[in-house]
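# Results of the structural survey
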Amino acid sequence: MESGAMGSDDITVVICAYTHRRWNDLCSSITSVVTQAPPPFELLVVTDHNDELGDDVVDFVARTTPTVPVRVLRNTGPQGLSGARNTGVAAARTAVVAFLDDDATADDGWVQTMVAGYTDGRVRGVGGHARARWPGGRRPGWFPAEFDWVVGCSYPGQPTVCEPVRNFIGANMSLRRDDIIAAGGFHTGLGRVGRIPLGCEETELCIRITRSSAGARLVFDPAMAVAHRVTEDRTSPRYYLRRCYAEGVSKAAVSGLVGAADGLASERTYTAVVLPRGIASRIGGLVGLVPATAAARSRAEMATQSAMIVAGALVTAAGYARARLSGATVPERADSQIPIAVAQPALRKSGT
């Protein structure tokens, strides 16, 4: 395993994009990376089978003349987030590859915090907090924080201090490049394709990486933070329930690939501890813990959020059960899903 000093020039950042609907977000995401101090070695923007978007990104980068090198690539793999990420990994030339969503912006010091997490050679990846940036600056009153994963953000139950985890939130994570390549990359049978709200490709990859070496650890550092924008179309109960169902289907697929013991390890604690605690706290508020002067709306929100926690859990379980009972499976991985022809060894290594 790698050891020795890690620097910001050991980091390549990959942003994957697929649509002009997120153009302003994408520009903000790019800007948040190229203004990092210290800066990463390089930024790769991978466009997913959308050549016009790629051309526009090239023009944007040329106009802004960033001090960080930026390369714009076309996804050379299957359409979808997994294929685009694999394209970025193959093109990267550093020891570590970081992933930032096209609708997320990195906080100041994001790269610096990430680098500090790799001091221990057993650490194979470092991920961080993704805080929701809601439309109008306020979460919908019915939306429970325990389900912020629905919109790709951090939620109660995740670590509040630096500690090992099973997997990261895909919007804000980094992994050692050699580990990603050795594992064959992100499984292209999993993950979001366009607006289809499937996921868990990062979960499956993280599990395979930690299984590959005794003592390997993935570390979550809440100080490595990003702001993840939530669009208006993701704030409806219909999207919430649709995304919960899709998550159940995705969890079934991951469990079929890696086994339920690992595939559902975090979910068991979440279901048995985090969700009951969330419901209990709201019921406590309803029966008198909320001050009498509190607005009636607050009580209504607590009741609605309790109901949505139950609904979200049931719909997620239904998606999982239906996928498992139907026998639907994800194709077995090929020997490698990263385009080996361009998956050359990193030019920069930790400690060099």
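Here's what I pulled together on the structure shown here. Just so we're clear, the structure is a prediction, and the values are computed from it rather than from any experiment.

This part covers the pattern of salt bridges. Applying the stated criterion across every chain, the model contains 22 salt bridges. Between Arg93 and Glu42 there is a salt bridge; the shortest N-O distance is 3.0 Å. Pair noted here: Arg93 is in the loop between α3 (81-91) and β4 (96-101) and Glu42 is in strand β2 (residues 42-47), with a separation of 51 residues, a long-range link. A relative accessible area of 30% means that Arg93 is categorised as partly exposed. Overall, Glu42 belongs to the buried group, its relative accessible area being 2%. The salt bridge involving Arg138 is made with Glu301; its shortest N-O contact spans 3.0 Å. On the criterion of sequence distance, the pair formed by Arg138 in the loop between β6 (123-133) and β7 (163-164) and Glu301 in helix α10 (residues 296-326) is long-range, its members being 163 residues apart. Residue Glu301 is classed as buried on the basis of its relative accessible area of 16%.

On to helix α6 (residues 201-211), then. When you tally the buried positions in α6, you get nine out of 11 residues, the bulk of the element. The complete set of buried residues in α6 reads Glu201, Glu202, Thr203, Glu204, Leu205, Cys206, Ile207, Arg208 and Ile209.

Let us now look at the packing of aromatic side chains. Any aromatic ring pair is given by two values, namely how distant the centres are and how the planes are angled relative to each other. Scanning the entire structure with this criterion turns up 10 aromatic pairs. Taking the centre distance of 5.3 Å and the plane angle of 80 degrees together, the rings of Phe143 and Tyr240 count as edge-to-face. One end of the pair, Phe143, is in the loop between β6 and β7; the other, Tyr240, is in helix α7 (residues 237-258), and 97 residues separate them in sequence. Accessibility classification places Phe143 together with Tyr240 in one group, the buried group. By way of ring pairs, the aromatic residues Trp134, Trp142, Phe143, Phe147, Trp149, Tyr155, Tyr240 and Tyr270 are connected into one cluster. The ring centre of Phe99 lies 5.6 Å from the NZ or CZ of Arg85, which sits over that ring. Taking the ring centre of Phe186 as reference, the NZ or CZ of Arg85 above it sits at 5.2 Å.

The subject of this paragraph is the pairing of strand β8 (residues 172-176). Of all five residues making up β8, five are buried, and the element is well covered by its neighbours. Side chains of β8 alternate between two faces, with Asn172, Ser174 and Arg176 and Met173 and Leu175 buried alike. Across five bridges, the pairing between β4 and β8 is antiparallel. Paired with Ala98 across the bridge in β8 is Ser174. In the sheet, β6 pairs with β8 via three bridges, with the strands oriented antiparallel. Bridge pairing links Gly125 to Leu175 in β8.

With glycine set apart, most residues show a phi of negative sign, and most peptide bonds adopt trans. A cis amide bond links Ala37 to the next residue, Pro38, at an omega of 0 degrees. Tracing the backbone through its elements, the reader meets Pro38 in the loop between α1 (23-34) and β2. Of note, the phi angle at His49 is positive, near 55 degrees, even though the residue is not glycine. Mapped onto the secondary structure, His49 falls in the loop between β2 and α2 (51-64). In this model, Thr65 sits at a positive phi of 40 degrees, which is unusual for a non-glycine residue. Looking at where Thr65 falls in the secondary structure, it is placed in the loop between α2 and β3 (70-74).

This paragraph deals with the pairing of β3. Relative to β3, β2 is paired through five bridges, and the arrangement is parallel. Bridge pairing links Val46 to Leu73 in β3. Tracing the backbone out of β2, into α2 and back to the parallel element β3 gives a crossover that is right-handed.

Attention now goes to the nonpolar core. Counting residues in hydrophobic clusters, the biggest one holds 38 residues, and the most contacted among them are Val13, Ile30, Leu43, Leu100 and Trp110. Here the element with the most residues in this core is α1; it accounts for five residues. Not counting residues within four places of it along the chain, the set of residues in contact with Ile30 comprises Ile15, Leu43, Val45, Val57 and Phe60. Core analysis: the next-biggest nonpolar cluster, separate from the first, contains 21 residues, Val46, Met173, Ile180 and Phe186 among them.

Before going further, it helps to examine the side chain of Asp103. With respect to the helices and strands, Asp103 occurs in the loop between β4 and β5 (104-106). Engagement of the side chain of Asp103 in a polar contact is seen with the side chain of Arg22, the distance being 3.4 Å.

Structurally, Thr12 is set in strand β1 (residues 11-17). For Thr12 and Val96, which are 84 residues apart along the polypeptide, the C-alpha to C-alpha distance reads 6.4 Å. If we ignore the near neighbours within four places in the chain, the residues touching Thr12 are Phe41, Glu42, Leu44, Ala92, Arg93, Thr94, Val96, Val97 and Ala98.

Cut-offs applied
- Residues numbered from 1 in each chain as written.
- Predicted model: local features only at pLDDT ≥ 70, side-chain atom pairs only at ≥ 80, totals over all residues.
- Heavy atoms only, no water.
- Salt bridge = Lys/Arg side-chain N within 4 Å of Asp/Glu carboxyl O.
- Helix = DSSP H or I, 4+ residues; strand = E, 2+ residues; numbered from the N terminus.
- Buried < 20%, exposed > 50% of the residue type's maximum accessible area, 1.4 Å probe, protein only.
- Phe/Tyr/Trp six-rings, centres within 6.5 Å; stacked < 30°, edge-to-face > 60°.
- Lys NZ or Arg CZ within 6 Å of the ring centre and 35° of its normal.
- Pairing = 2+ DSSP bridges.
- Right-handed = clockwise from strand over helix to strand, strands pointing away.
- Core = buried A, V, L, I, M, F, W, Y, C linked by side-chain atoms within 4.5 Å.
- Contact = heavy atoms within 4.5 Å.
- Polar contact = N/O pair within 3.5 Å; in protein donor to acceptor, adjacent residues only side chain to side chain.

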